[in-house]
Amino acid sequence: MPTRTSLAQTSAPKDKAKQKPNGKGKSKGNAPAESKTLKRKREKDDLEKLQAAVNQLDPKTSALTKFSELPLSAPTASGLDASHFQNLTDIQARAIPLALKGQDILGAAKTGSGKTLAFLVPVIETLYRKQWTELDGLGALIIAPTRELAVQIFEVLRKIGRYHHFSAGLVIGGKSLKDEAERLARMNLLVCTPGRMLQHLDQTAGLDVDNLQILVLDEADRIMDMGFQSAVDALVEHLPKTRQTMLFSATQSKKVSDLARLSMKDPEYVAVHEAATPSTLTQHYLVTPLAEKMDTLYGFIKANLKSKIIIFLSSGKQVRFIYESFRHLQPGIPLLHLHGRQKQLARMEITRRFTSAQHSCLFATDVVARGVDFPAVDWVVQGDCPEDVDTYIHRIGRTARYERVGRAVLLLDPSEEEGMVQRLQQRKIPIQRVNVKEKKKQSIKSKIQDMCFHQPDLKYLGQKAFISYTRSIGLQKNKDVFKLDALDLQAYSESLGLPEMPPVRFQKAEDIRRLKNRSRAELSSGSEGEGEGGEGKKRTKDEVRTKYDRMFERTNQDVLSSHYSNLRPAAEDDNDFFAVKRVLNEDEFDPESKSGGGPRVVPIYGGQELVIDSKRREKLLTSKKKMLKYKGQSTKIVFDDDGEAHSLYELQGEEDFRQAGDAETQRQRFVQAEADRVREADLEDKQLAKEKRQEKKVKRKERERMEANDEMDAAEQPTLGGSGDADAALDFLRSLPIAGEEAQQDEDDERPRKKPKKWFEDDSDDEKPKSKKGRKVIEVTDAPDTLEDLEALATGLLDD
Ligand SMILES: Nc1ncnc2c1ncn2[C@@H]1O[C@H](COP(=O)(O)OP(=O)(O)OP(=O)(O)O)[C@@H](O)[C@H]1O
């Protein structure tokens, strides 16, 4: 993962390609020299022809309906064909020709209409026509707002790019930055989420983006909105200005400010909007009071057990509570839940399970509202009203994708109906009201209350869900839709099984939201933020605040002061600025006293006294190490052979020195005495060494004698008999190293190993001539199932 990869997860084929695009898989080793030259020439001609065809293409007049009518390279054409993409969707027919010609694009088309291919095909083609290699650095960057979407785009890229030879990576976090960084430098194409990519651009030394040809923002309106604004701005600053930029979304706008921020050059607005939502989608809403929402959702699930359902809720806490409580009720359909607070691997696993499920109900936040292409979803239920119409459009877009049918239901509290329906109608969204059949209604309130009573964890989740929902309503901008005062919160809290309504503090939520936004915005700009005070006070920009200003602004100061007052003796007068401690007399001192009533004095080293006026000082007495500082400087003494203590350096008096004779005589005497000492020691050492040698010799002889005896015993044993024994003997012989084999093994070790396969590399690649710049042919047959698969694949490529 990408872990986060995470790392840059790079694809490499699990299985190897069996199919060669346009006969490109001929034997490499046998090709005669002339045919190689001919082949190279043919490839060059093909490339020129392709470029000429792109130049001649008139995006305005051509009415294309099939991929085969587009001027595409053979590997791309084969990749599309092998992925069963033949007919162009409207957005593809209009956007791809423009993008092939290098035009900046603002692409808008309803959900599920194939926008992903509309940008992926031109991206691959541009790099192909420029004969991009590893040495050229990063050629294309595709940004998606969520990890799920980034993974999905990467998967489509792997599918259609299987016959190409670019290296591609997925940068979505979840792995150590260092691991990812090592792999990124060799990537031609990256699919990423904004935050993680920015981190790399800031910190990864080898990442070369100066040559970037194309930047794509999928779900561009989401990426360009408040949440990611600053990250994207900072990211774009790293990129060269001369590049092609493409923005795609179902709810794409032409906001001039966005275009300026991304330095787009005369972008072409490609909008395919006969309707905002797919015509194959049936849309309904039903009015259900907030307090009955749980009943309605449960009833809905029970009535659609043989379906694939996504239920969108406004927060992760709602998702968790409803998922957990419904799970206990066992409605008879596999339940799953997905929200942004889950670990990345769990998110990937749930996505995988829901993707492959035939009947399942997924409770999710808006983390999968955009772009995610779950196959064959029957129902999208919006359990909580979406914050705006764009979110509504993206949520319902998870069903009725690419000409399939689908159904969507929006649950509204009576207070939300008028405002929301009006907004939907303004955007020409065909939605009709339906009612729940009376006889299908059933209340699960008492069951949930019972569960919450017996399971404190569930009750806790319920409280959190209540608080997060209520806060989110209070913080919504569209006050004509979201009216907190009109909601029956008491009844809602009861419906969640809560014995009493949890208190909700809105100020705190607002602060958190403000702080969150601020940190995102200011992280990238490197500013320090509002500091610890955080009381929402507005300060002027130039105001200088010191550490002490912040200290006095701190809340909860009493926490510290009460602790501090505990440390001080109660008798002490707090008003005294300079407190004079009473030093007890010798006879007043009671070392055993543990009362701690007042200060006492303890005698320590060298007649010194230590005033014990706090628990900390009292504790000091027990630590030898800490007491050492009161001990003063220590002096080193040495003992002579008679056990007399001397200081380390003792100077001989002048008188004594003269009596001992002149300096030269004393020197000679000293040298002679030392030489005698050394000689004596030498003799002792030699004797010792001799003894040791002799001892060793005796031991060796003893050992040899015993071994000789053993051999004689063995020779007298009967030989191995019977087939079992013979087998055992053979096994034993086989297990012995054979000189020739060892040599072979060594040789094998030294022999250059077969190169591991790169991304999309073909099995028959060995036979295939490498193309001009030593690049390899892409192939992918198996889709990786999990993030670990992706990582494994990445390693396969990158460890090359
Ligand atoms: N030309 C095509 N032929 C057949 N199927 C296609 C074609 N283009 C796209 N699809 C399929 O349509 C589905 C939706 O495509 P895609 O995810 O690109 O839609 P989108 O417009 O990006 O949707 P959203 O707005 O939700 O992100 C996918 O399952 C894809 O495989």
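Residues numbered from 1 in each chain as written. Predicted model: local features only at pLDDT ≥ 70, side-chain atom pairs only at ≥ 80, totals over all residues.

**Quick word on the overall build of the chain**
A count of helical and extended segments in the chain gives 28 helices and 18 strands. Here the analysis covers contacts within the chain between residues at least 6 apart in sequence; of these, 76% occur between residues at least 24 apart. (Helix = DSSP H or I, 4+ residues; strand = E, 2+ residues; numbered from the N terminus. Contact = placed C-beta atoms within 7 Å.)

**Regarding the UniProt feature "domain: DEAD-box RNA helicase Q" (unreviewed entry) in the chain**
If you check UniProt for "domain: DEAD-box RNA helicase Q" (unreviewed entry), the listed places come out as residues 65-93 in our numbering. Secondary structure within residues 65-93 divides into 45% helix and 0% strand; the distance between the first and last C-alpha atoms comes to 7 Å. (UniProt positions renumbered as here; feature names shortened; annotations may be inferred.)

**Concerning the site of the ligand**
Near the ligand, the surroundings consist of 19 residues, among which G114, K115, T116, G371 and Y402 are the closest. A per-element tally of the shell around the ligand places helix α4 (residues 115-129) first, with 3 residues. Among the residues making up the shell around the ligand, the classes are represented as 6 nonpolar, 10 polar and 3 charged. A domain split of the shell around the ligand shows at least three residues from each of domain 1 (37-59 + 67-271) and domain 2 (281-442). (Near = placed C-beta within 6 Å. Nonpolar A, V, L, I, M, F, W, Y, C, P; charged D, E, K, R; others polar. Domains from an automatic or database assignment.)

**Description of the sheet that holds strand β2 (residues 140-143)**
Strand order in the open sheet formed by 7 strands is β3-β4-β2-β5-β6-β1-β7, and the pairing between neighbours is parallel. Strand pairing shows two members of the sheet lacking a second neighbour, β3 (168-171) and β7 (268-272), which therefore form its edges. Between one strand axis and the next, the sheet turns through 15° on average, direction left out of account. Relative to β7, strand β1 (residues 105-109) runs parallel, the two sharing 5 bridges. Paired with A108 across the bridge in β7 is A271. Against the sheet, helix α3 (residues 90-100) makes contact with β1, β6 (244-249) and β7, and its axis sits at roughly 165° relative to β7, the strand it touches most. (Pairing = 2+ DSSP bridges. Axes fitted to C-alpha atoms, helices over the stretch in contact; angles between N-to-C directions.)

**Describing the sheet that holds strand β14 (residues 432-434)**
What the 7 strands build is an open sheet, ordered β10-β11-β9-β12-β13-β8-β14; its pairing is parallel. Because the sheet does not close on itself, it has two edges, and the strands there are β10 (335-338) and β14. Neighbour to neighbour, the strand axes of the sheet diverge by 25° on average, direction disregarded. The pairing of strand β8 (residues 281-287) with strand β13 (residues 406-412) spans 7 bridges and is classified as parallel.

**Observations regarding the packing of α3 against α4**
Think of two packed helices as two axes; the pair is described by the angle between the axes and how far apart they sit. Packing of α3 against α4 leaves a shortest axis separation of 9 Å and a crossing angle of 25°. What the angle tells us is that α3 and α4 run roughly parallel. By crossing handedness, the relation of α3 to α4 is classed as right-handed. On α4, the residues touching I91, Q92, A95, I96, A99 and L100 of α3 are K115, L117, A118, F119, V121, P122 and E125. Of the residues belonging to the contact of α3 with α4, the class tally is 10 nonpolar, 1 polar and 2 charged. (Parallel < 35°, antiparallel > 145°, perpendicular 65-115°, else oblique. Left-handed = near helix turned anticlockwise from the far one by under 90°.)

**Some remarks on the environment of K130**
In this fold, K130 is placed in the loop between α4 and β2. The class for K130 is partly exposed, based on 14 C-beta atoms found within 10 Å. Considered as a pair, K130 and Q213 are 83 residues apart in the sequence and their alpha carbons are 9.7 Å apart. (Buried ≥ 20, exposed ≤ 12 C-beta atoms within 10 Å, placed from the backbone.)

**Some details on the environment of D90**
Within the fold, D90 resides in helix α3. Judged by the 16 C-beta atoms lying within 10 Å of it, D90 falls in the partly exposed class. Sequence spacing of D90 and A118 is 28 residues, and the spatial spacing of their C-alpha atoms is 9.6 Å. If sequence neighbours within four positions are ignored, D90 has contacts with A109, S113 and V272.

**Side note on the pairing of β3**
Put simply, side chains in a regular strand alternate between the two faces of the sheet. Side chains A168 and L170 of β3 all project onto a buried face; the interleaved residues G169 and V171 project onto the opposite face, where all are buried too. As judged from the 4 bridges shared by β3 and strand β4 (residues 189-192), these two strands associate in the parallel manner. Looking at β4, one finds that G169 is bridged to L190. As a crossover connection, the stretch from β3 through helix α6 (residues 177-184) into β4 is right-handed. (Right-handed = clockwise from strand over helix to strand, strands pointing away.)

**A closer look at helix α15 (residues 414-426)**
Quick reminder: α-helices carry 3.6 residues per turn. Residues three or four places apart thus point the same way. Taking 1.5 Å of rise per residue, 13 residues should cover 18 Å, and α15 covers 19 Å from first to last C-alpha, within 8% of that figure. Buried positions along α15 lie against α14 (389-396) and β13. Just past α15, the residue K428 takes up positive phi, approximately 60°. (Expected span 1.5 Å × (residues − 1).)

**Examining the pairing of β13**
A large share of β13 lies buried, amounting to 7 of its 7 residues. What you see with β13 is no split at all: G406, A408, L410 and L412 on one side and R407, V409 and L411 on the other are buried throughout. Taken together, the 4 bridges between strand β12 (residues 379-382) and β13 define a ladder with parallel strand orientation. By the bridge assignment for β13, W379 is matched with R407. Once you follow β12 into α14 and on to β13, the crossover reads as right-handed.

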